[in-house]
Amino acid sequence: MGLGSCAPSVAFSVLIIPAVLGIIHVQPEQIHLSYSGVPSEMIVTWVTQNETSASRVMYGLSGLDQSAEGTSTKFVDGGSLHRTMYIHRAKLTALKPGQKYVYVVGGPEGWSDQFHFNAIKDGSDWNPILVLYGDMGNDNARALPYLQLEAQAGQFDAVLHVGDFAYDMDTDNATVGDEFMRQIEAIAAYVHT
């Protein structure tokens, strides 16, 4: 047999190797908003389990016509597995106070679902509606469905988390914390904290 008969098995082996070595997790998750202290700004933070080539937010008033480049920081969990993940942050600037923006996060390897938020109103001629919660775990979080629905409907302006998140977020090599952050994404991706 000639060299040509070996080529298909070599190509087949190359195709199988990535599946054997592991799964790549570059899809953005655990997305949340933070107020920077400036009404015309918003900080967007998210996590990927693997490194990506970009940390970008596409956003706008009626479409994704603006872009903000961010940064990523490698984080190694303190658990026995020493899990590595990447925390991405980008600052949106020149926002129009009180206006509704749509946005996605990610980059060439993958984008999030589309979310929306209202930019902070400027001045003192308004009364913010705040929601306050604490002592919420990722198991038996009875208020969570109501908070998720009301956040997405724009029923409040900000969320204050007052403690006891997920009851030991570092449990099980921080997978409990990861799941809690995924659960509150349905709130924190729409309303700043």
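The following refers to the structure shown.

Here is what the cut-offs are and how they apply
Residues numbered from 1 in each chain as written. Predicted model: local features only at pLDDT ≥ 70, side-chain atom pairs only at ≥ 80, totals over all residues. Heavy atoms only, no water. Helix = DSSP H or I, 4+ residues; strand = E, 2+ residues; numbered from the N terminus. Buried < 20%, exposed > 50% of the residue type's maximum accessible area, 1.4 Å probe, protein only. Contact = heavy atoms within 4.5 Å. Areas by Shrake-Rupley, 256 points an atom, 1.4 Å probe, with all protein chains shown as cover. Salt bridge = Lys/Arg side-chain N within 4 Å of Asp/Glu carboxyl O. Polar contact = N/O pair within 3.5 Å; in protein donor to acceptor, adjacent residues only side chain to side chain. Pairing = 2+ DSSP bridges. Axes fitted to C-alpha atoms, helices over the stretch in contact; angles between N-to-C directions.

**A word on the overall build of the protein chain**
If you tally the helices and strands in the protein chain, you get three helices and eleven strands. Put simply, the protein chain has 193 residues, and 38% of those count as buried. Residue pairs at least 24 apart in sequence account for 64% of intrachain contacts in the protein chain once pairs closer than 6 positions are excluded. In the structure as shown, the protein chain presents an accessible area of about 11000 Å², 55% of it carried by carbon and sulfur atoms.

**What to know about the pattern of salt bridges**
Counted by the stated rule, this structure contains five salt bridges. We note a salt bridge from Arg 182 to Glu 29, for which the minimum N-O separation is 2.9 Å. Residue Arg 182 is found in helix α3 (residues 175-188), and its partner Glu 29 is found in strand β1 (residues 29-34); the two are separated by 153 residues along the sequence. Here Glu 69 and Arg 56 are joined by a salt bridge, their closest N and O atoms 2.5 Å apart. Of this pair, Glu 69 sits in strand β4 (residues 66-69) while Arg 56 sits in strand β3 (residues 56-60), and the two are 13 residues apart along the sequence. With relative accessibility at 22%, the residue Arg 56 sits in the partly exposed group. Within the structure, one salt-bridge network assembled from shared partners comprises Glu 29, Glu 179 and Arg 182.

**Let's talk about the environment of Glu 109**
Of note, Glu 109 is situated in the loop between β7 (100-107) and β8 (110-111). Residues Glu 109 and Pro 28, 81 residues apart in the sequence, show an inter-C-alpha distance of 9.5 Å. In this structure, Glu 109 is in contact with Val 26, Thr 52, Ser 53 and Ala 54, ignoring residues within four places of it in sequence. Only 2.9 Å separates the side chain of Glu 109 from the side chain of Ser 53, close enough to count as a polar contact.

**Some words on the sheet that holds strand β6 (residues 84-92)**
One open sheet holds the four strands; their spatial order is β1-β2-β6-β5, and the pairing between them is antiparallel. One side of each edge strand has no neighbouring strand; the edge strands of this open sheet are β1 and β5 (71-76). Neighbour-to-neighbour, the strand axes of the sheet open up by a mean angle of 20°, direction not taken into account. Summarising the sheet, strand β2 (residues 42-48) and β6 pair through seven bridges and their orientation is antiparallel. Each residue of the ladder has a partner; that of Val 47, found in β6, is Ile 87. The strands touched by α3 within the sheet are β1 and β6, with β1 carrying the most contacts at an inclination of about 50°.

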